[in-house]
Amino acid sequence: MLPLNEQYTFENFIVGSCNRFPHAAAMAVADAPATAYNPFFLHGGPGLGKTHLLHAVCHAFLARKGPGFHIAYFSCESFVNQYIESAEHRDLDGFRDRFRQADALVIDDIHFLAGKERSQDEFFHTFNSLYNAQKQIILSSDSPPRDIPTIEDRLVSRFKWGLVAKIDPPAFETRISILKRKAQIRGREIPNDVAEFIANHVTQNVRELEGAVLKLLGYAGLAHRPVDLDLAREALGDLIRRDDPHVGIDRIQRLVAEKFSLKLSDLQSRHRLKSIAHPRQIGMYLSRMLTSYSLEEIGGYFGGRDHSTVIYAIAKIEAEMRRDPGFKNLLDSLEGTLRRSG
Ligand code: ADP
Ligand code: MG
């Protein structure tokens, strides 16, 4: 059984200008595997529907091609873990067979290969062997091929052989449609003014839009109240407070990247190089001081770290500020810039 989410279908995917092209491309791949676009490389920020589209293509394959069509669908993390395990058990042949017999190889979050040379090498061979056998390859990533840190050039160039498609954050109208559909799937309705209220405050991430709907509906159920603006303001209060136009994590990341001459994708990566890791810790610290995001959420914005990593980063930056007045000045000036501008 493939680990597919039943809800992640083409049918449930709302199309807008932000995703029209990747959606059309995914449909074309689903119609004509290994003929339309191969490989198909889908990228975009977190929570914008990459995994959803990948699952939608797999559902379509199964519906159209039947169970004889062999899909190897894995998160990149699972690919890497299986590789490591097979290497430990000296069963690389078994590993290779598993992947190379597939009619379609679908790997989610391929940026996870960054910095993992052996797994990259293995993936390179898997890729070539499937590609040469004219099998469909579908990959998703949170950044375009060239921006994935430490991915080898030979992989980057292969990713670009087929079609690279980007999903952007949804425009206002699309956010409204998504909110309404998410409520509808749950047999509920959201009035227009409430949908607009949410769409005005949650702008960058469809997962957060969906989270707002769930929270609102849950709150309405518990309080036995109708879904209206008052309820939305209460239920989603934290979401509004954090919407300080002056300081958002985006803005913090851009300022820190600029200050240390890094790429945004460096701050959002898991790279351990000190010249990247240290500014990333500064970014986490500033996010904690200046926004109301939780530790988990902050970790998510900085390369998918857990809350203990964020706690560690904050403690480290605080200690460094106590030790080094110059460093404290630097952080104070960054904080001042963030508070003043917007
Ligand atoms: P990603 O893999 O890009 O981080 P996901 O595919 O996990 O994002 O999407 C996050 C959530 O948002 C999922 O529940 C998904 O169904 C929903 N979602 C994203 N884009 C859309 C869309 N265009 N229409 C409907 N739901 C969407
Ligand atoms: Mg995903």
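Residues numbered from 1 in each chain as written. Chains lettered and ligands numbered in written order. Predicted model: local features only at pLDDT ≥ 70, side-chain atom pairs only at ≥ 80, totals over all residues. Heavy atoms only, no water.

S.K.: Is there a simple way to explain the pattern of salt bridges in this structure?
M.R.: Where charged atoms of side chains with opposite charge meet at close range, the side chains can pair. Under the criterion given, the structure shown has 12 salt bridges. Across the pair Arg154 and Asp121 runs a salt bridge, and its minimum N-O distance is 2.3 Å. Taken together, the residues span a long stretch of sequence, with Arg154 in helix H6 (residues 153-159) and Asp121 in helix H5 (residues 117-132) at a distance of 33 residues. Taking relative accessible area as the criterion, Arg154 reaches 29% and is therefore assigned partly exposed. Here Asp121 falls in the partly exposed class, since its relative accessible area comes to 32%. We note a salt bridge from Arg186 to Glu210, for which the minimum N-O separation is 3.5 Å. Taken as a pair, Arg186 in the loop between helix H7 (172-185) and helix H8 (192-201) and Glu210 in helix H9 (residues 206-223) lie far apart in primary sequence, 24 residues in all. One connected set of salt bridges, linked through shared partners, spans Arg96, Arg100 and Glu122. (Salt bridge = Lys/Arg side-chain N within 4 Å of Asp/Glu carboxyl O. Helix = DSSP H or I, 4+ residues; strand = E, 2+ residues; numbered from the N terminus. Buried < 20%, exposed > 50% of the residue type's maximum accessible area, 1.4 Å probe, protein only.)

S.K.: Sorry, what's going on with the side chain of Ser86 here?
M.R.: Structurally, Ser86 is set in helix H3 (residues 76-88). A residue is classified by how much of its surface remains accessible, and Ser86, at 6% relative accessible area, is buried. The residues touching Ser86, leaving out its near neighbours within four places in the chain, are Asp91, Leu92, Phe95 and Arg98. (Contact = heavy atoms within 4.5 Å.)

S.K.: I keep staring at a negative patch on the surface and nothing clicks. Help me out?
M.R.: Residues Asp193, Glu196, Asp228 and Asp230 make up a contiguous surface patch of negative charge. Counting through the fold element by element, Asp193 comes out in helix H8. On the accessibility criterion, Asp193 (40% relative accessible area) is partly exposed. (Patch = residues over 30% accessible without salt bridge, like charges linked within 9 Å, V, L, I, M, F, W, Y side chains within 5 Å. Areas by Shrake-Rupley, 256 points an atom, 1.4 Å probe, with all protein chains shown as cover. Lys, Arg positive; Asp, Glu negative; His and termini not counted. Charge placed at Lys NZ, Arg CZ, Asp CG, Glu CD.)

S.K.: Even after reading the chapter, I still don't get the side chain of Arg158, so can you show me in this structure?
M.R.: Along the polypeptide, Arg158 turns up in helix H6. For the buried Arg158, no salt bridge exists, and the shortest N-O distance to an oppositely charged side chain is 9.1 Å, to Glu152. Apart from residues lying up to four places away in sequence, Arg158 is in contact with Pro39, Phe124, Phe127 and Asn128.

S.K.: Whenever I open this one, the sheet that holds strand E5 (residues 163-167) confuses me. Can you help?
M.R.: Strand pairs in the sheet, formed through backbone hydrogen bonds, run parallel or antiparallel to each other. The strand order across the open sheet built from 5 strands is E2-E3-E4-E1-E5, with neighbouring strands paired in parallel fashion. Among the strands making up the open sheet, the edge pair consists of strand E2 (71-75) and E5. The mean inter-strand angle of the sheet, taken between neighbouring strand axes irrespective of direction, is 10°. Pairing of E2 with strand E3 (residues 104-108), which is carried by 5 bridges, proceeds in the parallel orientation. Among the inter-strand pairings, Phe74 is bridged to a residue of E3, identified as Ile107. Relative to the sheet, helix H1 (residues 20-31) contacts strand E1 (40-44), strand E4 (136-141) and E5, its axis offset from that of E5 by approximately 135°. In the packing of H3 onto the sheet, the strands contacted are E2 and E3, and the crossing angle to E2 comes to about 95°. (Pairing = 2+ DSSP bridges. Axes fitted to C-alpha atoms, helices over the stretch in contact; angles between N-to-C directions.)

S.K.: How should I be thinking about the site of ligand 1 in this particular structure?
M.R.: What surrounds ligand 1 is a group of 17 residues, the closest being Ile14, Gly47, Lys50, His52 and Glu210. At a separation of 3.3 Å, a nitrogen atom of ligand 1 approaches a polar side-chain atom of Asn19. Taking Lys182, its side chain carries an N or O atom lying 2.9 Å from a nitrogen atom of ligand 1. Burial of ligand 1 by the protein chains amounts to 95% of its free accessible area of 550 Å². Every element with two or more residues in the shell around ligand 1 is listed here: helix H2 (50-65) and H9. Split into classes, the residues belonging to the shell around ligand 1 amount to 6 nonpolar, 7 polar and 4 charged. (Near = heavy atom within 4 Å. Polar contact = N/O pair within 3.5 Å; in protein donor to acceptor, adjacent residues only side chain to side chain. Nonpolar A, V, L, I, M, F, W, Y, C, P; charged D, E, K, R; others polar.)

S.K.: How do you make sense of the packing of aromatic side chains when you look at a structure like this?
M.R.: Two aromatic rings are characterised by how far apart their centres lie and by the angle between their planes. The full count for this structure, using the stated rule, is 14 aromatic pairs. On the numbers, 4.9 Å between centres and 70° between planes, the contact of Phe79 with Phe99 is edge-to-face. Highlighted residues: Phe79 in helix H3 and Phe99 in helix H4 (residues 92-100), separated in sequence by 20 residues. Overall, the relative accessible area of 0% leaves Phe99 in the buried class. An aromatic cluster is present here, built from Phe41, Phe74, Phe79, Tyr83, Phe95, Phe99, Phe123, Phe127, Tyr131, Phe159 and Trp161 joined pairwise through their rings. The ring of Phe112 has Lys116 lying over it, and the distance from NZ or CZ to the ring centre is 3.8 Å. (Phe/Tyr/Trp six-rings, centres within 6.5 Å; stacked < 30°, edge-to-face > 60°. Lys NZ or Arg CZ within 6 Å of the ring centre and 35° of its normal.)

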